[in-house]
Structures are given as C-alpha cells and as structure tokens.
Amino acid sequence: MQIQEQKRYRLFLIVLVYIVVASIGIRVGVFQYISRERGFFNSFILALFLTQICILDGRIMGKPLSIFSYWLVFILFGIAVPVCIVRAHGLRGVGIVIAHFLGFILVYVISFLITSLLVYGSSFLFEDL
C-alpha cells in the first residue's frame, strides 16, 4: 500500500474506534449496565482496531513493529498502544495519545448523556437531589 492509502486507512480505523466508543456510551445510556460478555466483545473490537492503528502508524512513520510483537500489542492494548504511538512519533506522540484519550472520554460522556436524557428524560439528571 502507498503511504497516502495507509494514512486514509489509519484515519478510517480511528473513526471506527470513536464510533465504537460512542456505541458503548449509547448502550450504557440505555441499559445503565454492560454485561460481561458485551464488555469483552467491546474490548476485543477496540483491541483489534487499536492494534491495526499501531501497526499502520509504525509503517507510516518508518518505524514498523516486529511481526512477533503484534499479539503483545493486541493483548496489552491499554498499555501497548500509547507506548507504540510515543515510540513512532517521539515526544509529539504524548500529545497525540492525550488528545485521543480526552476525545474518547468526551465522545463517551456526550453519547451517554444524550442517550440517557432521551430515554429517561430530565429526571435522570436530578435523580439524586
């Protein structure tokens, strides 16, 4: 694949991760609970997408990951993905990781709040008062 195609594919995967995070927020907003199986499935999907992002990002930046480390990134994605991004981008990678982490939190909270307000109304906000 050409570099431009890889960049487009990486952007597509990043958008998919945000969609998965939003769908988790919507699901929690509706049901207020995620079953263990659903949580495992969500983690599995996020691990797949984030591992692929790390693999592509390393290739794009000229610092590819070893094929033997792919499974390690997949299993330890919560720790390994930020490490891979910082490894590929240097100090700028810390900013990238923090920006996307805050973006994930923002998307999750907004999707959760909007869904909860639509399903339960304003009583959801003032329930504990």
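That block above? That's the structure.
Cut-off values and rules
- Residues numbered from 1 in each chain as written.
- Predicted model: local features only at pLDDT ≥ 70, side-chain atom pairs only at ≥ 80, totals over all residues.
- Heavy atoms only, no water.
- Helix = DSSP H or I, 4+ residues; strand = E, 2+ residues; numbered from the N terminus.
- Buried < 20%, exposed > 50% of the residue type's maximum accessible area, 1.4 Å probe, protein only.
- Contact = heavy atoms within 4.5 Å.
- Phe/Tyr/Trp six-rings, centres within 6.5 Å; stacked < 30°, edge-to-face > 60°.

**Here we look at the environment of Ile26**
Next, step 1: With respect to the helices, strands and loops of the structure, Ile26 is situated in helix H1 (residues 3-31).
Next, step 2: In this structure Ile26 comes out as partly exposed when scored by relative accessible area, which is 40%.
Next, step 3: Spatially, the C-alpha atoms of Ile26 and Gly78 are 22 Å apart, while their sequence positions differ by 52 residues.
Next, step 4: In contact with Ile26, not counting residues within four places along its chain, are Ser111 and Thr115.

**Digging into the environment of Ile114**
Next, step 1: Residue position: Ile114 is located in helix H5 (residues 91-120).
Next, step 2: Residue Ile114 is classed as partly exposed on the basis of its relative accessible area, which comes to 47%.

**A word on the side chain of Gln6**
Next, step 1: In this structure, Gln6 sits in helix H1.
Next, step 2: Taking relative accessible area as the criterion, Gln6 reaches 8% and is therefore assigned buried.
Next, step 3: Setting aside anything within four residues of it in sequence, one finds Gln6 in contact with Met1, Leu56, Arg59 and Ile60.

**Description of the packing of aromatic side chains**
Next, step 1: Applying the stated criterion across every chain, the model contains five aromatic pairs.
Next, step 2: Residues Tyr9 and Phe12 carry aromatic rings whose centres are separated by 6.5 Å and whose planes lie at 20° to one another, so their mutual orientation is stacked. Separated by three residues within a single helix, Tyr9 and Phe12 lie in helix H1, roughly one turn from each other.
Next, step 3: The rings of Phe40, Phe44 and Phe74 are connected pair by pair, giving a single aromatic cluster.

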